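Coordinate analysis (summary)
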Amino acid sequence: MTTSLADVASSDATLRAFLHGLPGVDRVGADQRAAMLSTRSIKTTAKARAIDLAISMVDLTTLEGADTPGKVRAMCAKALRPGEDAPRVAAVCVYPDLVAVAAEAVAGSGVKVASVATAFPSGRSSLEVKVADTALAVAAGADEIDMVIDRGAFLSGDLMKVHEEIVAVKAACGAAHLKVILETGELASYDNVRRASWLAMLAGADFIKTSTGKVSPAATLPVTLIMLEAVRDFRERTGRQVGVKPAGGIRTTKDAVKHLVLVNETCGEDWLSPDWFRLGASSLLNDLLMQRQKLATGRYAGPDYFTLD
């Protein structure tokens, strides 16, 4: 971190002053720019490349109370072999108690194992429990931890508590990457999305993530745009690159391509990689595979051609 930001989190007062000193978000402008970029049309060869890139960025996810080891193994098999000649997905994302199952299923493949932790999805627990939850998931084989911030603390103005929790969870991650979930649908304003993005990055996040998928609205294009602007500006200020992961409600190839256009136009090609941009989804992969086959053969696959998610 550069000297100009080295002391930002030295006290609650300096942290608050910095975050509330960030430029305000022009809500109308953000909505209009996201809407404009969503109309961009990508055809033929470029579309085929975009579909394969989107597949390679998917965090294939199951986060249900009814998840079983068998369901996770089946999801991992799909992650490794999504379709004929299709690239593997970036990661599989599961609850902590199923990390070991997923890690065994994808061992040696390059597909990462991500796990939600820190009292997901509410974030309502003690720091000790959150750190222990994270450490157990990493010990079981998680390569990435998706933590959720305490929105109650953030919205009530206890910014230092949120910062300190992220720092502590990052330390518990060890070599694993940390994705910080902002749950933007509960943050009330675009200005808060920008502040939360910077707060997470200042505390050491490797990725910032829109949503748990359990709250509506989840990943909207304007919110993703604001987060992309934040990581772009953060790199310009500090030299450190941070990734972005929209999650929740991204179900179609059109949705995925709109997000890729947004990344390219806002941050540039440096972020057009699974290392720096992910799509958290469960049903998206099937639509990408169907559109991929349509481009290759001129016809859609039947409804029973791909496994159900």
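Report follows, based on the coordinates. Please read these numbers as outputs of a predicted model, since none were measured by experiment.

The sheet built from eight strands is open, its strands ordered 7-6-5-4-3-2-1-8 with parallel pairing. Strands at the two margins of the open sheet, each flanked by one partner only, are strand 7 (243-245) and strand 8 (279-281). Taken pair by pair, the neighbouring strands of this sheet meet at an average axis angle of 25°, ignoring direction. Where strand 1 (residues 58-61) lies against strand 2 (residues 91-94), three bridges are found, and the strand directions are parallel. Note that in strand 2 the partner of Leu 60 across the bridge is Val 92. Against the sheet, helix 6 (residues 99-106) engages strand 2 and strand 3 (112-117), with an angle of about 170° to strand 3.

As a further point, take the nonpolar core. Among the nonpolar cores identified, the biggest contains 91 residues, and Leu 19, Val 92, Ile 166, Val 180 and Trp 198 are the most heavily contacted of them. The residues touching Leu 19, leaving out its near neighbours within four places in the chain, are Leu 159, Arg 195, Trp 198, Leu 199 and Leu 202. Formed by seven residues, the second largest nonpolar core is a distinct cluster that contains Leu 63, Cys 93, Val 116 and Ile 181.

Under the defined criterion, the tally for this structure stands at three aromatic pairs. Ring centres 6.1 Å apart and planes at 75° place the aromatic pair Tyr 95 and Phe 120 in the edge-to-face group. Residue Tyr 95 is located in the loop between strand 2 and helix 6, and its partner Phe 120 is located in the loop between strand 3 and helix 7 (127-139); the two are separated by 25 residues in the primary sequence. Phe 120 sits in the buried class, given a relative accessible area of 11%.

Turning to the pattern of salt bridges, a few remarks are in order. A pair can form between side chains of opposite charge whenever their charged atoms are brought close. Under the definition given, this model contains 21 salt bridges. Residues Asp 146 and Lys 209 are paired through a salt bridge, measuring 2.8 Å at the closest nitrogen-oxygen approach. Placement of the pair is Asp 146 in strand 4 (residues 144-148) and Lys 209 in strand 6 (residues 207-209), with a sequence separation of 63 residues. Overall, Asp 146 belongs to the buried group, its relative accessible area being 0%. Judged by its relative accessible area of 4%, Lys 209 falls in the buried class. Here Lys 161 makes a salt bridge to Asp 150, at a shortest N to O gap of 3.4 Å. Of the two residues, Lys 161 is situated in helix 9 (residues 159-173) and Asp 150 in the loop between strand 4 and helix 8 (151-155); the sequence distance between them amounts to 11 residues. We classify Lys 161 as partly exposed; its relative accessible area is 34%. A relative accessible area of 5% means that Asp 150 is categorised as buried.

Taking 1.5 Å per residue as the helical rise, helix 10 (residues 190-202) with its 13 residues ought to reach 18 Å, and the 18 Å between its terminal C-alpha atoms agrees with that figure. Among the 13 residues that make up helix 10, 12 are buried, leaving the element largely enclosed by the rest of the structure. Residues of helix 10 that are buried: Tyr 190, Asn 192, Val 193, Arg 194, Arg 195, Ala 196, Ser 197, Trp 198, Leu 199, Ala 200, Met 201 and Leu 202. Positive backbone phi, approximately 115°, marks Gly 204, located one or two places after helix 10.

Another point: the side chain of His 259. Note on placement: His 259 falls in helix 12 (residues 253-266). Its relative accessible area of 4% is what places His 259 among the buried residues. Beyond its immediate chain neighbours, meaning those up to four positions away, His 259 contacts Leu 221, Thr 224, Pro 246, Ile 250, Phe 277 and Leu 279.

Bringing the state of the cysteines into the picture now. Inspection of the entire model under this criterion finds zero disulfides. This cysteine, Cys 76, is not joined by any disulfide, and Cys 93 carries the nearest cysteine sulfur, 11 Å off.

The rules we used
- Residues numbered from 1 in each chain as written.
- Predicted model: local features only at pLDDT ≥ 70, side-chain atom pairs only at ≥ 80, totals over all residues.
- Heavy atoms only, no water.
- Pairing = 2+ DSSP bridges.
- Helix = DSSP H or I, 4+ residues; strand = E, 2+ residues; numbered from the N terminus.
- Axes fitted to C-alpha atoms, helices over the stretch in contact; angles between N-to-C directions.
- Contact = heavy atoms within 4.5 Å.
- Core = buried A, V, L, I, M, F, W, Y, C linked by side-chain atoms within 4.5 Å.
- Buried < 20%, exposed > 50% of the residue type's maximum accessible area, 1.4 Å probe, protein only.
- Phe/Tyr/Trp six-rings, centres within 6.5 Å; stacked < 30°, edge-to-face > 60°.
- Salt bridge = Lys/Arg side-chain N within 4 Å of Asp/Glu carboxyl O.
- Expected span 1.5 Å × (residues − 1).
- Disulfide = S-S within 2.5 Å.

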